[in-house]
Amino acid sequence: LVMVFYGSNGKSNPVFMENKVEHQAKNQIIYDICLPSNLGMLYKVRFGLESLEKRIPQLPLCRFKMQNTSTLDTFSFTINKTLPLSLEGDRWIEIPIEWPLKEALSVVTYHLTVFSRNILSEKNLVHMTACIYGTYGDTGDRTLLWSLKNVQQGDKNESFLVTMNAVELGELDKVVLLISSKTDCKVDIKKLHLKEAVKEHPIYVFEVNEAFAMGANKPEIQREIPVSFVMRGEKQKNDRDYHLYKEGSQTRNLTEYTIKVYTGDLRGAGTDANVHITLFGNEDKSELFQLSQSLEHQDPFERGKVDTFKIKTKKLGSLHSIEIGHDGKGFASGWFLEKVEITDASRNSVYCFNCNRWLAEDESDGRTVVQLHPQLLDF
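Residues numbered from 1 in each chain as written. Predicted model: local features only at pLDDT ≥ 70, side-chain atom pairs only at ≥ 80, totals over all residues. Heavy atoms only, no water.

## A short note on the overall build of the protein chain
Filter applied, for reference: Going along the chain from the N terminus, every DSSP run of H or I of four or more residues is numbered as a helix, and every run of E of two or more is numbered as a strand. Residue burial is assigned from relative accessible area. The probe radius is 1.4 Å, only protein chains are included, and a residue is buried under 20% of its type maximum, exposed over 50%, and partly exposed in between.
The helix and strand tally for the protein chain stands at 2 helices and 30 strands. A buried classification covers 42% of the 379 residues belonging to the protein chain.

Here is the structure:
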């Protein structure tokens, strides 16, 4: 059994469990493992089997329980699945981790459609996996050619559908393909379409347009394919009315801002609520950003601490205000915000937004969201 743990600051190496058994009772095995402290707050775990041979003994998994031995925070999840899920399907199980007062991500079924010219005729000779990357991590390597659905063949083109379950990935970024064969052959892949199974849109399009030549004496081929564009459907009746957003080119026009948030050094000043921010400039305003991935601390917005965040958004121009606040969730959600400093490296500008007040329903005017105006500092 292999596990991979994902945290707010990255993921662990594969943790192989065969040599880590500390206690074993009927229907229960307890492992003691040490994970890197710089993983941050854990949010998902992936289970799989090390062996990919066809003759694998089945491993029924009923329940997963995990406890931080330092804080005693405990998480448990009912699985009731057997590994491998199928010799002809997905061999991995992913579960979201929900800690006290922290909202968990959801499990999503993804549909990956592969458009090719000849892969179906070569599928018994080729081994191909895909790893999908997004805002919230990756899926790990998932086998594509075991079980093909919705197969469509034409004179020159063909396509097939692959289904995989994973903890939600957020905005998708890239796909890494691994292709190999024990005999000489060639597969011609045109593109990949990827979307959530329950949604018609968005559809992420990954243009490949490459013929891969493989053989027994040739190394495994790896290709990293960034998203080409995203189809986001309006409520039109056919594909001709879809808007194509060329996100690859849009990304190059984004501006990065470094945001430092100073929590006051007062009793009860910290908060576990969800903090958000919107930036306003003389050219445009940003979307609303959730500030959850602090570069310094696993648990942001604690008393007397400074948390740094990086965001990318469209060109805003000179900043004239921000709106910052929280949703009031969690125990004692009130927050004393001292100030916010924002650096726009593209303009050599640093803005300081002083606040020095409580954002709490039970303090002063009861507001949890405020609009602040800056003092421009030297870069």
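## Some words on the sheet that holds strand β24 (residues 289-290)
The criterion, for reference: When DSSP finds two or more bridges between a pair of strands, those strands are recorded as paired.
Taken in spatial order, the 4 strands line up as β24-β23-β26-β29 in an open sheet, and their pairing is antiparallel. The two strands at the open ends of the sheet, each matched to only one other strand, are β24 and β29 (369-372). Where strand β26 (residues 319-326) lies against β29, 4 bridges are found, and the strand directions are antiparallel. Residue pairing in the sheet places I322 in a bridge with L372 of β29.

## Quick word on unusual backbone geometry
In this structure, P202 follows H201 across a cis peptide bond, with omega equal to 0 degrees. Tracing the backbone through its elements, the reader meets P202 in the loop between β17 (185-196) and β18 (203-214). For N80, which is not a glycine, the phi torsion comes out positive at approximately 50 degrees. Within the fold, N80 resides in strand β8 (residues 74-83). Backbone geometry places N348, a non-glycine residue, at a positive phi of 55 degrees.

## Structural notes on the nonpolar core
Rules: Take the buried residues of types Ala, Val, Leu, Ile, Met, Phe, Trp, Tyr and Cys, join any two whose side-chain atoms come within 4.5 Å, and each joined set is a nonpolar core. Contacts between residues were defined by any pair of non-hydrogen atoms, one from each residue, lying within 4.5 Å.
One finds L112, L144, I189 and L192 to be the most contacted residues of the largest nonpolar core, which totals 34 residues. For this core, the elements supplying multiple residues, two or more each, are β10 (107-116), β11 (126-134), β15 (158-167), β16 (172-181), β17, β18 and β19 (221-226). Discounting chain neighbours no more than four positions away, the residues touching I189 are V114, F115, S116, M128, L177, I179, V208, N209, E210 and F212. Residues F289, I324, W335 and Y351 belong to the second largest nonpolar core, which totals 25 residues.

## Looking at the confidence of the model for the protein chain
This is how the line gets drawn: What pLDDT expresses is the predictor's confidence in each residue, scored from 0 to 100.
Looking at the protein chain, the pLDDT average stands at 81 and 82% of residues meet or exceed 70. Per-element confidence in the protein chain is highest for strand β27 (residues 335-344), whose mean pLDDT is 94, and lowest for strand β21 (residues 243-245), whose mean pLDDT is 39. Here residues 235-252 is a poorly scored stretch, pLDDT under 50, and it has 21 contacts once near neighbours within four places are set aside; other chains count.

## Here we look at the pairing of β11
Where burial is concerned, most of β11 is hidden: 7 out of the 9 residues are buried. Pairing of β11 with β16, which is carried by 9 bridges, proceeds in the antiparallel orientation. When the sheet's bridge partners are listed, G134 is paired in β16 with L172. Pairing of β11 with strand β13 (residues 142-143), which is carried by 2 bridges, proceeds in the antiparallel orientation. When the sheet's bridge partners are listed, T129 is paired in β13 with T143. The pairing of β11 with strand β12 (residues 137-138) spans 2 bridges and is classified as antiparallel. Residue pairing across strands places Y133 opposite D138, the latter belonging to β12.

## Things to note about the environment of F353
Looking at the element boundaries, F353 is found in strand β28 (residues 349-359). Given the relative accessible area of 0%, F353 is considered buried. In sequence terms F353 and L372 are 19 residues apart; their C-alpha atoms lie 5.9 Å from each other. If near-sequence neighbours (up to four positions away) are discounted, F353 is found in contact with L319, S321, I322, K339, V340, I342, L372, H373 and P374.

## Quick word on the side chain of R46
Which entries qualify depends on this criterion: Polar contacts, as used here, are pairs of N or O atoms within 3.5 Å; protein pairs need one atom able to donate a hydrogen and one able to accept it. Residues neighboring in sequence count only if both atoms are side-chain atoms.
Here R46 shows up in strand β6 (residues 42-48). For R46, a relative accessible area of 3% gives the class buried. Polar side-chain contacts of R46 include one of 2.8 Å to the side chain of E94. Here the side chain of R46 touches T139 through a polar contact of 3.1 Å, landing on its backbone oxygen. For R46, the residues in contact, after removing those within four places along its chain, are V2, M3, V4, Y6, W92, I93, E94, D138, T139, G140 and R142.

## Here we look at the packing of aromatic side chains
We apply this condition: Any two rings among Phe, Tyr and Trp, with Trp reduced to its six-membered ring, count as a pair given centres within 6.5 Å; such a pair is stacked if its planes are under 30 degrees apart, edge-to-face if over 60, and tilted if neither. We call a charge positioned over a ring when the NZ of a Lys or the CZ of an Arg lies within 6 Å of the ring centre and within 35 degrees of the ring normal.
This model, assessed by the stated rule, comprises 7 aromatic pairs. Taken together, a centroid distance of 5.6 Å and an interplanar angle of 20 degrees make the contact between F301 and F309 stacked. For the pair F301 and F309, one class covers both residues: buried. Grouped by ring-pair contacts, the aromatic residues F47, F64, F75 and F77 constitute a single cluster. Over the ring of Y6 we find K44, and its NZ or CZ is 4.4 Å from the ring centre. Above the ring of Y262, the side-chain terminus of K339 is found at 4.6 Å from the ring centroid.

## A look at the pattern of salt bridges
For clarity, the cut-off: Here a salt bridge means any side-chain nitrogen of Lys or Arg lying within 4 Å of a carboxyl oxygen belonging to Asp or Glu.
In this structure the tally under the stated criterion is 13 salt bridges. Ionic pairing is found between R46 and E94, a salt bridge with its closest N-O pair at 2.8 Å. In this pair, R46 sits in strand β6 while E94 sits in strand β9 (residues 93-96), placing the two residues 48 residues apart along the sequence. Both residues of the pair, R46 and E94, belong to the buried class. Here E341 and K339 are joined by a salt bridge, their closest N and O atoms 3.3 Å apart. Of the two residues, E341 and K339, neither departs from the other in class, the shared state being buried.

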